[in-house]
Amino acid sequence: MHNDHSIIILTNPERDTDLSYTEKIASSVISAGIDVYTDERFKGRLTADVIYLPEEELLEKHAGAIIVLGGDGSMLDACEKAAPSGIPVLGINLGNLGFLTTMDKTETDKLPQILLEGFEHGFDAESRMMLTLNIKDSDIDKTFHVLNEVTITSSVCAKIAMVELKCDNSVALSCHADGVIIATPTGSTAYSLSAGGPILDPALEAICVTPICPHSLTTRPLVFSADSTLTASGKTNCLSNTGILVTPDGKEGILVSKDAQITITKSHLTTKLVKVNKNRFFDILSNKMYHK
């Protein structure tokens, strides 16, 4: 059960170095009668009457919403943590491009009203598909739920990765490249876009695979049904280190052997992103990419 009159504020202190935006938002929200939880690392640095908790306990409060102050990296981390409980996430952009964030730092005066309306009538939120990544190797058995992408790359700088990707046990891609990106529609505007992949409407459910600098003019991006099971294997073309790196949502890469089992499927979890100003995806895309 969520407490519909409380929020969690997750702040990237590298983006809000003096916590001035955190202070402003917390004060205005508390003035509207909403409780605010935030990280105990900020104790003594805020004058607002917030409730401090250790980071690992914040998501256990089952608040009505999570407010993220930062950029897309901060949003990815928050969305991964929020997905199991289904708490809606609203991002305030303190970074650069900010595809996942829906409010600019100059718009925060609207926040108390948006929250009160959301608590009263339910938040207007988009449900975004996520991927489940499972890695099995000799001493590794790990599972991740990612919102943007999984990358499989060479483990040695300037060396080629030889990657094979199967879709439901049929070989769909075999390439020599710097690696491949396996992305959700949400992630299609991130690393995949930079590598030449297609832009997918985030309302779709699909899996996009984009080779990174392939050494073939005929190797092109692929889009699969969200119901597909993708399995990958590969190695680095280097005698001293044949392993490859598997990286979920830009976090620290996991070095695995050429015999590792790498499986990517649609996750049972979704991310709920609060919509603000009723902006359509392609309006946001146009504004952020072409009218900066």
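Here the structure is shown first, and the text comes after it.
Residues numbered from 1 in each chain as written. Predicted model: local features only at pLDDT ≥ 70, side-chain atom pairs only at ≥ 80, totals over all residues. Heavy atoms only, no water.

For helix H4 (residues 111-121), every residue scored as buried is listed here: Leu 111, Pro 112, Ile 114, Leu 115, Gly 118 and Phe 119. The buried residues of H4 occupy one face: seen down the axis, they fall within an arc of 165°. The exposed set on the far side of H4, more than 90 degrees from its buried face, consists of Glu 120 and His 121. One or two steps after H4, the chain reaches Gly 122, where phi turns positive at roughly 95°. (Buried < 20%, exposed > 50% of the residue type's maximum accessible area, 1.4 Å probe, protein only. Helix = DSSP H or I, 4+ residues; strand = E, 2+ residues; numbered from the N terminus. Arc of directions from axis to C-beta.)

Turning next to the environment of Glu 55. Tracing the backbone through its elements, the reader meets Glu 55 in helix H2 (residues 55-58). A residue is classified by how much of its surface remains accessible, and Glu 55, at 40% relative accessible area, is partly exposed. In this structure the C-alpha to C-alpha distance between Glu 55 and Thr 247, which are 192 residues apart in sequence, comes to 23 Å. Beyond its immediate chain neighbours, meaning those up to four positions away, Glu 55 contacts Asp 39 and Lys 81. (Contact = heavy atoms within 4.5 Å.)

A few words on a negative patch on the surface. Taken together, the side chains of Glu 40, Glu 56, Glu 57 and Glu 60 present a region of like negative charge at the surface. Take Glu 57: it is sitting in helix H2. (Patch = residues over 30% accessible without salt bridge, like charges linked within 9 Å, V, L, I, M, F, W, Y side chains within 5 Å. Areas by Shrake-Rupley, 256 points an atom, 1.4 Å probe, with all protein chains shown as cover. Salt bridge = Lys/Arg side-chain N within 4 Å of Asp/Glu carboxyl O. Lys, Arg positive; Asp, Glu negative; His and termini not counted. Charge placed at Lys NZ, Arg CZ, Asp CG, Glu CD.)

Reported here for the largest pocket is a volume of approximately 480 Å³. For the lining of the largest pocket, the elements supplying multiple residues, two or more each, are strand S6 (103-104), strand S7 (125-137), strand S18 (261-274) and helix H6 (281-290). In terms of residue count, H6 provides more of the lining of the largest pocket than any other element does, four residues in total. Its residues assigned to classes, the lining of the largest pocket shows ten nonpolar, eight polar and seven charged. Each pocket or cavity is described by its volume, and for the second largest pocket that value is around 300 Å³. Asp 72, Gly 73, Leu 76, Asn 148 and Ala 190 are the residues nearest the centre of the second largest pocket, which is lined by 16 residues in total. Residue contributions to the lining of the second largest pocket peak at four residues, all from helix H3 (residues 72-82). Partitioned by chemical class, the residues of the lining of the second largest pocket number six nonpolar, six polar and four charged. (1 Å grid on protein atoms, 1.4 Å probe; cavity = no way out; pocket = protein on both sides within 12 Å on 5 of 7 lines; lining within 4 Å. Points joined across faces, edges and corners; volume = space filled by probe spheres on them. Nonpolar A, V, L, I, M, F, W, Y, C, P; charged D, E, K, R; others polar.)

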